[in-house]
Amino acid sequence: SPRCSLILTSLQGTLRTAPMSASGSVQCIPGKWVFKDVEAQIAKNHIQFDGHLGRKTRFDWNVSAPELDTLWPELSGALDSRGSLELDGVNPVARFGLHAADLHYRNYAIATLDTEVAMNNATQTGDASFKASGIVIDDVDITQLTAHANGSLRAHSLQLKLDSSLGKAAFTPEGNFANDT
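Residues numbered from 1 in each chain as written. Predicted model: local features only at pLDDT ≥ 70, side-chain atom pairs only at ≥ 80, totals over all residues. Heavy atoms only, no water.

Visitor: Hey, could you run me through the environment of G167 in this one?
Guide: One can find G167 in strand β12 (residues 167-171). With relative accessibility at 29%, the residue G167 sits in the partly exposed group. Residues G167 and R82, 85 residues apart in the sequence, show an inter-C-alpha distance of 34 Å. (Helix = DSSP H or I, 4+ residues; strand = E, 2+ residues; numbered from the N terminus. Buried < 20%, exposed > 50% of the residue type's maximum accessible area, 1.4 Å probe, protein only.)

Visitor: Would you take a moment to explain the pairing of strand β6 (residues 75-87) for this structure?
Guide: Each regular strand shows side chains that alternate between the opposite faces of the sheet. In terms of strand pairing, strand β5 (residues 57-65) meets β6 through nine bridges, oriented antiparallel. Paired with F59 across the strands is L85, a residue of β6. Of the strand pairs in this sheet, β6 and strand β7 (residues 93-105) are connected by 11 bridges, and their pairing is antiparallel. Each bridged residue has a counterpart across the sheet, and for A78 the counterpart in β7 is A101. (Pairing = 2+ DSSP bridges.)

Visitor: Would you mind showing me how to read the environment of L162 here?
Guide: Checked against the element boundaries, L162 lands in strand β11 (residues 156-164). By relative accessible area, which is 30% here, L162 ends up partly exposed. The residues touching L162, leaving out its near neighbours within four places in the chain, are I142, Q144, L145, G167, K168 and A169. (Contact = heavy atoms within 4.5 Å.)

Visitor: Sorry if this is basic, but what is going on with the packing of aromatic side chains here?
Guide: How two aromatic rings sit relative to each other is set out by the distance from centre to centre and by the angle between their planes. A full pass over the atoms with the stated rule returns four aromatic pairs. Judged by centre distance (5.6 Å) and plane angle (65°), the rings of F35 and F49 are edge-to-face. Taken together, the positions of F35 in strand β3 (residues 32-42) and F49 in strand β4 (residues 45-54) put the pair 14 residues apart, joining distant regions of the chain. With relative accessibility at 17%, the residue F35 sits in the buried group. On the numbers, 6.0 Å between centres and 90° between planes, the contact of F35 with F59 is edge-to-face. With a gap of 24 residues between them, F35 in strand β3 and F59 in strand β5 connect regions that are remote in the sequence. (Phe/Tyr/Trp six-rings, centres within 6.5 Å; stacked < 30°, edge-to-face > 60°.)

Visitor: When you look at the nonpolar core in this model, what are you seeing that I'm missing?
Guide: Soluble, globular proteins show a tendency: their nonpolar side chains are buried together. Of all hydrophobic cores here, the largest spans nine residues; its members are V63, A65, L68, A100, L103, L113, A132, I135 and I142. Elements supplying a minimum of two residues to this core: β5, β7 and β9 (125-137). Setting aside anything within four residues of it in sequence, one finds I135 in contact with A109, I110, V140, D141, I142 and L145. (Core = buried A, V, L, I, M, F, W, Y, C linked by side-chain atoms within 4.5 Å.)

Visitor: It is not clear to me how the pairing of β3 should be interpreted in this structure. Could you clarify?
Guide: Bridge count for strand β2 (residues 18-29) against β3 is nine bridges, and the pairing is antiparallel. Note on β3: the bridge partner recorded for S25 is K36. Between the end of β2 and the start of β3, which pair antiparallel, lie two residues, with G31 showing a positive phi angle near 80°. In terms of strand pairing, β3 meets β4 through nine bridges, oriented antiparallel.

Visitor: Any chance you could explain the pattern of salt bridges here in plain terms?
Guide: Oppositely charged side chains may form a pair once their charged atoms are brought near each other. This model, assessed by the stated rule, comprises four salt bridges. The partner of D60 in a salt bridge is R58, and the shortest N-O contact between them spans 3.4 Å. Within the structure, one salt-bridge network assembled from shared partners comprises R58, D60 and E86. (Salt bridge = Lys/Arg side-chain N within 4 Å of Asp/Glu carboxyl O.)

Visitor: What is the right way to read the side chain of S81 from this model?
Guide: If you trace the backbone, S81 turns up in strand β6. Within polar-contact distance, the side chain of S81 engages the side chain of W61 at 2.9 Å. Separated by 2.9 Å, the side chain of S81 and the backbone oxygen of G97 make a polar contact. Those residues in contact with S81 that lie beyond four places of it in its chain are W61, N62, V63, G97 and L98. (Polar contact = N/O pair within 3.5 Å; in protein donor to acceptor, adjacent residues only side chain to side chain.)

Visitor: I'm lost on unusual backbone geometry in this one. Help?
Guide: Comment: phi is negative for the bulk of residues other than glycine, and the bulk of peptide bonds are trans. If you check the backbone angles, R16 has positive phi at about 45° while not being a glycine. With respect to the helices, strands and loops of the structure, R16 is situated in the loop between β1 (4-15) and β2. Despite not being glycine, T17 shows a phi value in the positive range, around 70°. As for its position among the elements, T17 is in the loop between β1 and β2. Judged by its relative accessible area of 78%, T17 is exposed.

And the structure:
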């Protein structure tokens, strides 16, 4: 079985005139990738992650990118995300958030974006919310788009609301699933 290991004590350089640095370690062992204290800084953008990927996964991250244009020339705005994810092949456990402001890419834009997700293996419940405003997709303006989902397989609900230049829509289904076998 292949094994590999990369330990990066310090990497310094420049990416499109922005200073960059990176450090951390990555190991490939049979059936698993292990990331330890992996960090990268490009201009004011900072990415940090730690964990392992394989049959069982545990992954933590922290991303702060206030200057997206230094990462990709046609992209602008700011993005922040923090979270953790555990997968054991059956039930995931996740908690993360994603927040963005003034995103622009070609003919697309989002003024604000907020997403929060929490899934719990012990209670088999979850809650997810999504809210975006000032969305522009070519000639379509979406003033606001919101979604909220929560519950479990036994009892769950979803709320969707859309307000756009093409019209308004709202959708609120509820459901349940029972395994009676």
